[in-house]
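# Coordinate analysis (summary)
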Amino acid sequence: MADDPDSNEQAPRWRRDFPIGWESDHYVSRRELAKFLTLGSALLVGASFAIALVGKLRRAVPASAARIPGGAALGIGESLLFRYPTDEDPCILVRDHEGQLNAYSQVCTHLSCAVVYRPGEETLFCPCHHGYFSCGEGLPTAGPPTRRLPRIQLEERAGELFAVGVKV
Amino acid sequence: METRRQGLSLMTALCLLIGTLLVIQLWLVAASLDALYAGDVGVLVPAALVSLGMFAVNGFLLWYGADFDRRLKRVRRR
Ligand code: FES
């Protein structure tokens, strides 16, 4: 090993007897680290494509219309919980003080706690980290959330209220 | 002629470069997740393709390191 100081004739005897090739040692460990990092890079590519695939599948599922029982009869300043588009998607329907009906996903866009309606303040409130959303648009107005609540599109048909789509 | 000392510098540089790209890829995954939840699905495929490009660069860097390693072994055997 021409470039290894431990095998150098000038090195002390103890060093020649018990050579520790630090340079070789570091060389090998960094080579292995480079391999390990590249493996991590491959995994992250997989993760990115998996996320893209989930995005594609999500978009591919069209939401069908679903009746919201009792939705049309909701009083001013009241709210009603329902599920849309699947049984795993909690939503909240609110009739504000102007009589306007608005429906949103109940899942807070910060860390997914359930938002509740605060009639006095005309806001949707998330108790987990005190996040606030406006009732009219679902926009974040205070606290940690930065994205709006997905809006549930509503339609009235023959006196019944229907959820007909989700607008993110 | 390749030496271990050169190899050590090379491997250190490779680790730094690959590591930097890896951190950017990690950021891309986090940003993609955020975009997915925000319903901004249009950016997901481009982000995945950029990540793939970075992996290709990482693969090339690793290949370069492995090639250096092979040449080094040949020199040391002589
Ligand atoms: S989960 Fe709603 S504010 Fe954090």
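A brief look at the structure comes next. Predicted model, so just to flag it, every value in this text is computed and none were measured.

### Comments concerning the overall build of chain B
Helix and strand content of chain B: two helices and zero strands. Counting the 78 residues in chain B, one finds 41% classified as buried. Of the roughly 4500 Å² that chain B leaves accessible, carbon and sulfur atoms contribute 70%.

### Examining the packing of helix α1 (residues 4–37) of chain B against helix α2 (residues 44–77) of chain B
Between two packed helices, the angle of one axis relative to the other and the distance separating the axes together describe the packing. All names here are of chain B. At their nearest, the axes of α1 and α2 sit 10 Å apart, and the two run at 165° to each other. Between α1 and α2, the angle falls in the class roughly antiparallel. Handedness of the α1/α2 crossing: left-handed. Considering only residue class, the contact of α1 with α2 consists of 21 nonpolar, seven polar and two charged.

### Concerning the nonpolar core
If you look at the biggest cluster of nonpolar residues, it comprises 22 residues, and the most contacted ones within it are Y27 and I51 of chain A together with L14, I18, L36, L44 and F68 of chain B. Per element, the largest residue contribution to this core is 10 residues, and it comes from α1 of chain B. Excluding residues that lie within four positions of it along the chain, L36 of chain B makes contacts with I51, V54, G55 and R58 of chain A together with V41 and L44 of chain B.

### Looking at the packing of aromatic side chains
Any two aromatic rings considered together are summarised by their centre-to-centre distance and by the angle between their planes. Summed over all chains, the structure comprises three aromatic pairs over all chains. Their ring planes at 50° and their centres at 5.0 Å tell us that F125 of chain A and Y132 of chain A sit as a pair that is tilted. Overall, F125 of chain A belongs to the buried group, its relative accessible area being 7%. Clustering of aromatic rings is evident, with ring pairs tying together F60, W63 and Y64 of chain B. The positively charged end of R118 of chain A is found above the aromatic ring belonging to F125 of chain A, 3.8 Å away from the centroid. In this structure, R157 of chain A is placed above the aromatic ring of F162 of chain A, and the distance from its NZ or CZ to the ring centre is 5.0 Å.

### A closer look at unusual backbone geometry
All names here are of chain A. Across the junction of Y84 and P85, the peptide omega takes the value 0°, indicating a cis bond. Mapped onto the fold, P85 is located in the loop between β2 (79–83) and β3 (90–95). Located in the positive-phi region is S112, a residue other than glycine, with phi close to 70°. Tracing the backbone through its elements, the reader meets S112 in the loop between β4 (101–105) and β5 (116–118). Under the relative-accessibility criterion, S112 is labelled exposed at 52%. For E122, which is not glycine, the phi dihedral falls at a positive 55°. Given the relative accessible area of 24%, E122 is considered partly exposed.

### Things to note about the pairing of β2 of chain A
In this structure, β2 of chain A lies alongside β3 of chain A, joined through five bridges in antiparallel fashion. What sits directly across from S79 of chain A, in β3 of chain A, is V94 of chain A.

### Thoughts on the pattern of salt bridges
Considering all chains together, one arrives at 13 salt bridges over all chains under this definition. For the salt bridge of R5 of chain B with E23 of chain A, the shortest nitrogen-to-oxygen distance reads 2.9 Å. Highlighted residues: R5 of chain B in helix α1 and E23 of chain A in helix α2 (residues 22–60), drawn from two different chains. As a salt-bridge pair, R147 of chain A and D34 of chain B come within 2.8 Å of each other at their nearest N and O atoms. With one member in each of two chains, R147 of chain A in the loop between β8 (140–142) and β9 (151–157) and D34 of chain B in helix α1 form a pair that bridges those chains. Residue R147 of chain A is classed as buried on the basis of its relative accessible area, which comes to 17%. Residue classification places D34 of chain B among the partly exposed positions, given a relative accessible area of 42%. Here the salt bridges do not stand alone but share partners, grouping R31, E32 and K35 of chain A together with D69 and K73 of chain B into one network.

The rules behind the values
- Residues numbered from 1 in each chain as written.
- Chains lettered and ligands numbered in written order.
- Predicted model: local features only at pLDDT ≥ 70, side-chain atom pairs only at ≥ 80, totals over all residues.
- Heavy atoms only, no water.
- Helix = DSSP H or I, 4+ residues; strand = E, 2+ residues; numbered from the N terminus.
- Buried < 20%, exposed > 50% of the residue type's maximum accessible area, 1.4 Å probe, protein only.
- Areas by Shrake-Rupley, 256 points an atom, 1.4 Å probe, with all protein chains shown as cover.
- Axes fitted to C-alpha atoms, helices over the stretch in contact; angles between N-to-C directions.
- Parallel < 35°, antiparallel > 145°, perpendicular 65-115°, else oblique.
- Left-handed = near helix turned anticlockwise from the far one by under 90°.
- Nonpolar A, V, L, I, M, F, W, Y, C, P; charged D, E, K, R; others polar.
- Core = buried A, V, L, I, M, F, W, Y, C linked by side-chain atoms within 4.5 Å.
- Contact = heavy atoms within 4.5 Å.
- Phe/Tyr/Trp six-rings, centres within 6.5 Å; stacked < 30°, edge-to-face > 60°.
- Lys NZ or Arg CZ within 6 Å of the ring centre and 35° of its normal.
- Pairing = 2+ DSSP bridges.
- Salt bridge = Lys/Arg side-chain N within 4 Å of Asp/Glu carboxyl O.

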